[in-house]
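# Coordinate analysis (summary)
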Amino acid sequence: MIEIKNLSFKYSGGGPQVLSNVNISIPAGHIYAILGESGSGKTTLLKCIGRFLQPRSGSITLKGRNIYEIEEREFRKSISIVFQQLFLFPHLNILQNMILAPMKVLGKDERTAREEAVAMLETLGIASLKDSYPAAISGGQAQRAAIARSLMLKPEYLLLDEPTSALDVNTSDEFGKWLTGLREYTTFVVVTHDILFVNKIASFGALMEKGTVREESDIGNIIKKHFPAFRQGMDG
Ligand SMILES: Nc1ncnc2c1ncn2[C@@H]1O[C@H](COP(=O)(O)OP(=O)(O)O)[C@@H](O)[C@H]1O
Ligand SMILES: [Mg+2]
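Within any chain, residue numbers begin from 1 and follow the written order of that chain's sequence. Written order determines the labels here, with chains lettered from A and ligands numbered from 1. A pLDDT threshold of at least 70 governs which residues receive local features in this predicted model, and a stricter bar of 80 or more applies before side-chain atom pairs are shown or counted, although totals over entire chains, interfaces and linings include all residues. The basis for every side-chain value is the complete set of heavy atoms in the structure, and neither hydrogens nor water enter the calculation.

### Some points on the side chain of Thr164
- The helix count covers DSSP runs of H or I at least four residues long, the strand count covers runs of E at least two residues long, and both are numbered beginning at the N terminus. Along the chain, Thr164 falls in the loop between strand E7 (157–161) and helix H6 (169–180).
- Note on contacts: a residue pair qualifies if any of its non-hydrogen atoms lie within 4.5 Å across the two residues. Those residues within four positions of Thr164 in sequence are excluded, and the remaining contacts are Ser172, Phe175, Thr192, Asp194 and Phe197.

Pasting the structure below:
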């Protein structure tokens, strides 16, 4: 469980309050969605959970431990992020992208890391991407490759920022099915404004509005209450 209590955040330079008194609980074992319009603070919240930004007040705990008290290597094995831009290294093929963290963070030798990377790609059903370079694969494939790379550290939580933003509806659908099949490997926290996608994959979630949590509950309830038009579209 990741628990966020009274979290507030402001970027330096005197801008407005970007997160105000955020309280949410993210249980392990379910796909959790963070919904909200552009600018509502979703990416900022994700960066706080991933320790890329330090909040000015409030707390974030993982299984009861303040995340700032967790040693770096252990933390990277606990919570990992796939950013919207993916950040796959363009000069390395997918396999080479995947072995970097196991070698650098976990100190594995190259041969072991390669074997594990190949096994991971096979498990995820994308072994054919092994020798491809990021520029030569589709958006959906790149999204999967970036997730495969993050899963090499076997994080307990993997945070995905807008994973479907570059995907067309069909690819996004396929990607959603693929993602739900990976629930046994990690708990996904998915930031998105794609209600159609969320409705298919997530169990619980939070709706953000101008830096605050408007509602946290199961997804069906959030959609019914806050996106009634979408619901009607689904039913009829
Ligand atoms: N690096 C930054 N410096 C200053 N303000 C930022 C920065 N990143 C985001 N913001 C501001 O914080 C607010 C929330 O942004 P963000 O967390 O990216 O929202 P979302 O992901 O929901 O679109 C926006 O008003 C945005 O302009
Ligand atoms: Mg964002």
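### Digging into the pairing of strand E1 (residues 2–10)
- Two strands pair under a simple rule: DSSP has to find at least two bridges between them. As judged from the six bridges shared by E1 and strand E2 (residues 17–26), these two strands associate in the antiparallel manner. Residue Phe9 lies in a different strand from E2, and its bridge partner there is Leu19.
- Once E1 ends, the chain turns through six residues before running back antiparallel as E2, passing Gly13 with a positive phi of about 105°.
- In this sheet, strand E4 (residues 57–62) lies alongside E1 in antiparallel orientation, the contact comprising five bridges. Residue Glu3 lies in a different strand from E4, and its bridge partner there is Thr61.

### Some thoughts on the site of ligand 1
- Each residue is tested against the molecule or strand, and it is near if at least one of its non-hydrogen atoms lies within 4 Å. Taken together, the residues surrounding ligand 1 are Tyr11, Val18, Glu37, Ser38, Gly39, Ser40, Gly41, Lys42, Thr43 and Thr44.
- Here a polar contact is recorded for every N or O atom pair within 3.5 Å, except that within protein the pair must consist of a potential hydrogen donor and a potential acceptor, and residues adjacent in sequence are included only if both atoms are side-chain atoms. Between ligand 1 and Gly39, the relevant distance is 2.7 Å, taken from an oxygen atom to a main-chain nitrogen or oxygen of the residue.
- At a separation of 2.5 Å, an oxygen atom of ligand 1 approaches a polar side-chain atom of Thr44.
- Reported accessibility uses the Shrake-Rupley method at a 1.4 Å probe radius. Residues are deemed covered only where the shown protein chains occlude them. When ligand 1 is considered free in solution it has 560 Å² of accessible area, and contact with the protein chains removes 54% of it.

### Some details on the sheet that holds E7
- Judged by pairing direction, the sheet is mixed, and its six strands sit side by side in the order E6-E7-E8-E3-E9-E10 without closing on themselves. A strand with exactly one partner marks an edge of an open sheet, and here the two such strands are strand E6 (79–82) and strand E10 (212–218). Each strand of the sheet is rotated relative to its neighbour by a mean of 15°, with strand direction disregarded.
- Relative to strand E8 (residues 187–192), E7 is paired through five bridges, and the arrangement is parallel. Bridging across to E8, Asp161 finds its partner in Val191. Geometry is summarised by axes, namely lines fitted to C-alpha atoms with helices restricted to the contacting stretch, and by angles between N-to-C directions that run from 0 to 180 degrees.

This is a description of form; function is not addressed.
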